[in-house]
Amino acid sequence: TLCPTFISSLKNCNHKRLGIYYLLSSFIFGISGTLISVLIRIELYSSGNRILSPENQNFYNVKITLHGLLMIFYLVMPGLFGGFGNYFVVIFQGSPEVVYPRVNNFSILILFLSYLLLILSIISEFGGGTGWTLYPPLSTSFMNLSPSSIGNIIFGLLVSGISSVLTSLNFWVTILSLRSIGITLKTMSLFPWSLLITSGMLLLTLPVLTGALLMILSDINCNTLFFDPIFGGDPVLYQHLFWFFGHPEVYILIIPAFGVISIVISGISQKIIFGNPSMIFAMSCISLLGSVVWGHHMYTIGLETDTRSYFSGVTILISLPTGTKIFNWLSTYLGNPSLLLLRTSSSLFALLFLLMFTIGGSTGVIIGNAAVDLGLHDTYYIIAHFHFVLSLGAVIAIFSGIVFNIEKIIGSKSILPSCSSNNSFYNLVLTFVGILITFGPMHFLGFNVMPRRIPDFPDSFISWNFLS
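Residues numbered from 1 in each chain as written. Predicted model: local features only at pLDDT ≥ 70, side-chain atom pairs only at ≥ 80, totals over all residues. Heavy atoms only, no water.

S.K.: Just checking my understanding: could you explain the overall build of the protein for this structure?
M.R.: Along the protein, the regular secondary structure elements total 15 helices and zero strands. The C-alpha radius of gyration of the protein comes to 22 Å, within 12% of the 23 Å expected for a compact globule of 468 residues. With the C-alpha coordinates of the protein rotated into their principal frame, the extents come out at 60 × 50 × 50 Å. For the protein, with 468 residues in total, the buried portion stands at 54%. (Helix = DSSP H or I, 4+ residues; strand = E, 2+ residues; numbered from the N terminus. Rg over C-alpha atoms; globule rule 2.2 N^0.38 Å. Buried < 20%, exposed > 50% of the residue type's maximum accessible area, 1.4 Å probe, protein only.)

As structure tokens, then:
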């Protein structure tokens, strides 16, 4: 009886069912990424070697590589973009289904293949210890211990990219051409708008990443010299190609979270988000500006002063539409009883998202300045910044969306005890305290210039690392 049920679920093309599959798979993938991060924190609990042998420092970098890739491509993107997107975008559009249901089914099936290829990289040779950015020469030349591991990671990312492009194409066409009568782009809800913008960014930037990854593969296996400086190649070229995808990717992760938080705050306040057109305009501005600031990840490679000043200016400019969104969300609460904010866990999660995103955005303005970034680049300050924005902002948005929408998705809160009001409130408190204790000290470590991706540190850093 199980086999036909399993096969029928593999063939399922219903957008709601696939949305639930995406959410479940992101939960499973997220557990593996979280366990790896626990290993990282145990290693950094004190100076010296904790769980690494002195001979195998590479394993620490393997953990960091896999943690980054799993959390970005297998937790946040399937959860926010694939899960909530598939479930709700069709409902908001008033359409019966996405335009290409079978393509939708194919997208999630190949996501599992992608995950298997990534996990396979751990056991092939020594694992790929390059960091999630896969910079050459670490990933290409004689410094690379494990060509087959890098190959598995790259093939996994390529398959994941195909899945994302197909899903983006599906959402793009569905939102633009399959709306109910009376729903125009002006009157469309913020959630479909967030997915339309995210899909556009993915379709624009993923081909560039694909090209860069294929160039690394050909450098490893086909004797090409794209990134080998000894023979006239340029490793900085890879950085430009990677970050042209990598910075929009940050907004690809967080803009669907904006849509989910808008659903929650609008639902709790029982009104349309304050300044709805300005929210759409702000998200569009964020996506456009976010696509032209990739160089702020590369201040230390010797960019010209004019180039650095351009990237600094445009990076800080992104804070304007972002600040607009924060004030719009807060203004939506105005006129409601103050107790409304405290009525449900999902509303508290939404407020926690606003707090974490504001803190993370503020540190982003600081390190967006090229002069400051020269001192803080590759320190734990950078880690603290993007974890506050992404791992905490985006993951809290997933929590908030699930707690708020659980009755709509599975019919009853009682089926999932963790989403009952008491349990989700405990989850909220533990999450909030855990966030501040884990990632707060990293700001101070960064200001004391503790480098990232190094498994040992001076004894003077023990107290903050112990707290984390």
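From this point, the narrative continues.
S.K.: For this particular structure, what's the right way to read empty space enclosed by the protein?
M.R.: Where empty space is left can be seen by rolling a probe of water-molecule size over the atoms. Taken as a whole and assessed by the stated rule, the structure comprises three cavities of 30 Å³ or more. A volume near 100 Å³ is recorded for the largest cavity. Residue lining of the largest cavity: Y22, F73, M77, P78, F81, G82, L111, S160, S163, S164 and T167, and that is the complete set. Elements that contribute at least two residues to the lining of the largest cavity include exactly α3 (58-93) and α5 (147-177). Among the elements that take part in the lining of the largest cavity, α3 stands out by supplying five residues, more than any other. When grouped by side-chain class, the residues that make up the lining of the largest cavity number six nonpolar, five polar and no charged. (1 Å grid on protein atoms, 1.4 Å probe; cavity = no way out; pocket = protein on both sides within 12 Å on 5 of 7 lines; lining within 4 Å. Points joined across faces, edges and corners; volume = space filled by probe spheres on them. Nonpolar A, V, L, I, M, F, W, Y, C, P; charged D, E, K, R; others polar.)

S.K.: Is there a simple way to think about the domain arrangement of the protein in this case?
M.R.: Many structure descriptions define interface size as the accessible area lost when the parts assemble. Per the domain assignment, the segments of the protein are domain 1 (14-233) and domain 2 (258-274 + 285-467). Taking only C-alpha atoms, the centre of domain 1 and the centre of domain 2 are 20 Å apart. Contact residues are listed per partner, giving 33 residues for domain 1 and 29 residues for domain 2. Across the interface of domain 1 and domain 2, roughly 2,600 Å² is buried in total on both sides, 69% from carbon and sulfur atoms. On the domain 1 side of the contact with domain 2, R41, L44 and F84 bury the most area, a combined 19% of that side's loss. Our count for the contact surface shared by domain 1 and domain 2 stands at five residue pairs in polar contact (both at pLDDT 80 or more). Elements with a contribution of two residues or more to the side of domain 1 that touches domain 2: α2 (15-43), α3 and α6 (190-221). Considering each element in turn, the side of domain 1 that touches domain 2 owes the most residues, 12 residues, to α3. (Domains from an automatic or database assignment. Contact = heavy atoms within 4.5 Å. Buried area = accessible area lost by both parts, 1.4 Å probe. Polar contact = N/O pair within 3.5 Å; in protein donor to acceptor, adjacent residues only side chain to side chain.)

S.K.: I would appreciate a short explanation of the pattern of salt bridges in the present structure.
M.R.: When their charged atoms lie close together, side chains carrying opposite charge are able to pair. Taken as a whole and judged by the stated rule, the model has one salt bridge. Between R452 and D378 there is a salt bridge, with its nearest N and O atoms 3.6 Å apart. Here R452 is found in the loop between α14 (421-447) and α15 (462-467), whereas its partner D378 is found in the loop between α12 (370-376) and α13 (380-410), with 74 residues between them in sequence. Assessed through its relative accessible area of 39%, D378 is described here as partly exposed. (Salt bridge = Lys/Arg side-chain N within 4 Å of Asp/Glu carboxyl O.)

S.K.: When you look at the layout of surface pockets in this model, what are you seeing that I'm missing?
M.R.: Approximately 260 Å³ is the volume found for the second largest pocket. Contributing to the lining of the second largest pocket are 15 residues, with F92, S189, I263, S266 and F404 lying nearest its centre. Contributions of two or more residues to the lining of the second largest pocket are made by α3, α7 (235-269) and α13. Top contributing element to the lining of the second largest pocket by residue count: α3, with four residues. Taken together, the residues of the lining of the second largest pocket sort by class into nine nonpolar, five polar and one charged. Both of domain 1 (14-233) and domain 2 (258-274 + 285-467) provide at least three residues apiece to the lining of the second largest pocket.

S.K.: Honestly, a nonpolar patch on the surface in this entry has me stumped. Any pointers?
M.R.: A grouping of L355, F425, Y426, V429, F432, V433, L436, I437, F444, W464 and L467 is seen on the molecular surface, where their side chains present a nonpolar patch of about 930 Å² in accessible area. Sorting the residues of the nonpolar patch by element identifies α14 and α15 as the ones contributing at least two each. Per element, the largest residue contribution to the nonpolar patch is eight residues, and it comes from α14. Along the chain, the position of F432 falls in helix α14. (Patch = residues over 30% accessible without salt bridge, like charges linked within 9 Å, V, L, I, M, F, W, Y side chains within 5 Å. Areas by Shrake-Rupley, 256 points an atom, 1.4 Å probe, with all protein chains shown as cover.)

S.K.: When you look at the packing of aromatic side chains in this model, what are you seeing that I'm missing?
M.R.: How two aromatic rings sit relative to each other is given by the distance of their centres and the angle of their planes. If you walk through the whole model with that rule in mind, you get 28 aromatic pairs. For the ring pair F227 and Y238, a centre distance of 5.5 Å and an interplane angle of 80° mean the geometry is edge-to-face. With F227 in the loop between α6 and α7 and Y238 in helix α7, this residue pair connects regions lying 11 residues apart in the sequence. Here F227 matches Y238 in class, with each residue buried. (Phe/Tyr/Trp six-rings, centres within 6.5 Å; stacked < 30°, edge-to-face > 60°.)

S.K.: So what exactly am I meant to see when it comes to the environment of T431 here?
M.R.: Relative to the assigned elements, T431 resides in helix α14. Since its relative accessible area comes to 17%, T431 is described here as buried. With 403 residues separating them along the chain, T431 and I28 place their C-alpha atoms 19 Å apart. Other than its neighbours up to four places away in sequence, T431 contacts I396 and F399.

S.K.: I would appreciate a short explanation of the environment of T438 in the present structure.
M.R.: In this fold, T438 is placed in helix α14. Note: C-alpha distance between T438 and T224 (214 residues apart in sequence) is 43 Å. At 2.6 Å, the side chain of T438 and the backbone oxygen of G434 are in polar contact.

S.K.: Quick question: what am I supposed to make of unusual backbone geometry here?
M.R.: Backbone geometry follows two general trends: most residues other than glycine have a negative phi, and most peptide bonds adopt the trans configuration. Following P136, the chain continues into P137 via a peptide bond in cis, with omega recorded as 5°. Within the secondary structure layout, P137 lies in the loop between α4 (101-123) and α5. In the Ramachandran plot, D378 falls in the positive-phi region, its phi being about 60° despite a non-glycine side chain. Positioned with a positive phi, V449 is a non-glycine residue whose angle comes to about 60°. Mapped onto the elements, V449 comes out in the loop between α14 and α15.

S.K.: So what exactly am I meant to see when it comes to the side chain of N276 here?
M.R.: On the secondary structure map, N276 appears in helix α8 (residues 276-290). A relative accessible area of 15% places N276 in the buried class. Leave out the neighbours within four places in its chain, and N276 touches M188 and L190.

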